[in-house]
Amino acid sequence: MEPLVTTTDLRRYGHDDLATIRQTLLDIHADAYAADLSDFDERFPWFVDHWGSHPNYACVVGYDGDEPVGFAYGAPAAPGREWWREHLAAAPERDATFSLSELMVRPAWRKTGIAEQLHNALLADRPENLVVLLVDPDHPKVQQLYETWGYRRVGNRQPFPDSPNFAVMLRPLPIEAAA
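Presented here is an overview of the structure given in this document. All values reported here derive from a predicted model rather than from experimental measurement.

1. Quick word on the overall build of the protein
Piece 1. Along its length, the protein carries four helices and seven strands.
Piece 2. Scanning the protein from its N terminus toward the C terminus, one meets helices and strands in the order β-α-α-β-β-β-α-β-α-β-β.
Piece 3. For the protein, buried positions account for 46% of its 179 residues.
Piece 4. Long-range pairs, those at least 24 residues apart, make up 69% of the contacts in the protein with a sequence separation of at least 6.
Piece 5. As presented, the protein carries roughly 9,700 Å² of accessible surface, and 50% of it is formed by carbon and sulfur atoms.

Laid out in structure tokens, this is it:
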């Protein structure tokens, strides 16, 4: 039976906290991909370190009691390096962008609302104008979920030769935190 998460303890972390939360992120990832780990997914520790090295890295980890159930993290894009621009005929005038790198929920807590809680908590007070993320098109339900949260697909991108050809999704900010 899936746990019902009604109130989750959402904890915010930044660049200086990576050493403290790194193993928690790796453990959540291992649980989330236990049944379907690809060679690309096995490089997740590198991605954690890469994103966590950004001085403005932001992360939210959700807990059900003492149990970590999921996380969301990312960092602002460097001004002028908004790679999503190539997918639009004309970029918005206000284009400061937050890159949402990962949103992950452990299987036992999926379909409980925790994904939206993590997403909204991470983005609630962002100063950027837009948020961009990549979604594996082999997971159309995930893409549809992001669309219900205000994202729109603007193109495809394969950032690494062995990665999926991800759907590029973009939405405006600000976003209000879930009640």
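Still more to cover.
2. Quick word on the sheet that holds strand 5 (residues 130-135)
Piece 1. Overall, mixed pairing links the seven strands, which are arranged 1-2-3-4-5-7-6 in an open sheet. Edge strands, defined here as strands with exactly one partner in the open sheet, are strand 1 (9-14) and strand 6 (152-157). Averaged over neighbouring strand pairs, the angle between their axes works out to 25 degrees when direction is ignored.
Piece 2. Judged from the six bridges that link them, strand 5 and strand 7 (residues 166-172) form a sheet pairing that is antiparallel. Bridge pairing links L134 to V168 in strand 7.

3. A few points about the nonpolar core
Piece 1. By size, the foremost hydrophobic cluster in this structure holds 22 residues, and its most contacted members are L122, L123 and Y151.
Piece 2. Looking at this core, the elements that each hand over two or more residues are strand 2 (58-64), strand 3 (67-76), strand 4 (97-105), helix 3 (114-123) and strand 5.
Piece 3. In terms of residues, this core owes the most to one element, helix 3, which gives five residues.
Piece 4. Beyond its immediate sequence surroundings of up to four residues, Y151 is in contact with L100, H119, L123, V131, L133, Y146, M169, L170 and R171.

4. Describing the pairing of strand 2
Piece 1. Counted residue by residue, strand 2 has six buried out of seven residues, so it is predominantly covered.
Piece 2. Relative to strand 2, strand 1 runs antiparallel, the two sharing six bridges. Bridge pairing links L10 to G62 in strand 2.
Piece 3. The antiparallel pairing of strand 2 with strand 3 creates a hairpin that spans two residues between the two strands, and G65 there sits at a positive phi of about 70 degrees.

5. Quick look at the environment of R81
Piece 1. On the secondary structure map, R81 appears in the loop between strand 3 and strand 4.
Piece 2. Judged by relative accessible area, R81 falls into the exposed class, the value being 63%.
Piece 3. Sequence-wise, R81 and T97 are 16 residues apart; in three dimensions their C-alpha atoms are separated by 9.3 Å.

6. Comments concerning the packing of aromatic side chains
Piece 1. Taken as a whole and assessed by the stated rule, the structure comprises six aromatic pairs.
Piece 2. Geometrically, the ring pair formed by W46 and F47 is edge-to-face, given 4.9 Å between the ring centres and 85 degrees between the ring planes.
Piece 3. In textbook terms, an aromatic cluster arises when at least three aromatic residues are bridged by ring pairs, as seen for F44, Y57, F71 and Y73.
Piece 4. Taking the ring centre of Y63 as reference, the NZ or CZ of R11 above it sits at 3.7 Å.

7. Some details on the environment of G74
Piece 1. Within the secondary structure, G74 is located in strand 3.
Piece 2. When its relative accessible area of 0% is taken as the criterion, G74 is described as buried.
Piece 3. Sequence spacing of G74 and N56 is 18 residues, and the spatial spacing of their C-alpha atoms is 8.7 Å.
Piece 4. Non-local contacts of G74, meaning those with residues more than four positions away in its chain, are made with W51, N56, Y57, A58, F98, S99, L100, S101 and L122.

8. A closer look at the packing of helix 1 (residues 18-32) against helix 2 (residues 44-52)
Piece 1. Packing of helix 1 against helix 2 leaves a shortest axis separation of 10 Å and a crossing angle of 145 degrees. Where helix 1 crosses over helix 2, the two elements pack in a sense that is right-handed. For the pair helix 1 and helix 2, contact is made by L18, R22, L25, L26 and H29 and by F44, P45, V48, D49 and G52, respectively.
Piece 2. A per-class count over the contact of helix 1 with helix 2 returns six nonpolar, two polar and two charged.

The rules we used
Residues numbered from 1 in each chain as written. Predicted model: local features only at pLDDT ≥ 70, side-chain atom pairs only at ≥ 80, totals over all residues. Heavy atoms only, no water. Helix = DSSP H or I, 4+ residues; strand = E, 2+ residues; numbered from the N terminus. Buried < 20%, exposed > 50% of the residue type's maximum accessible area, 1.4 Å probe, protein only. Contact = heavy atoms within 4.5 Å. Areas by Shrake-Rupley, 256 points an atom, 1.4 Å probe, with all protein chains shown as cover. Pairing = 2+ DSSP bridges. Axes fitted to C-alpha atoms, helices over the stretch in contact; angles between N-to-C directions. Core = buried A, V, L, I, M, F, W, Y, C linked by side-chain atoms within 4.5 Å. Phe/Tyr/Trp six-rings, centres within 6.5 Å; stacked < 30°, edge-to-face > 60°. Lys NZ or Arg CZ within 6 Å of the ring centre and 35° of its normal. Left-handed = near helix turned anticlockwise from the far one by under 90°. Nonpolar A, V, L, I, M, F, W, Y, C, P; charged D, E, K, R; others polar.

Bear in mind that shape data such as this cannot, by itself, settle questions of function.
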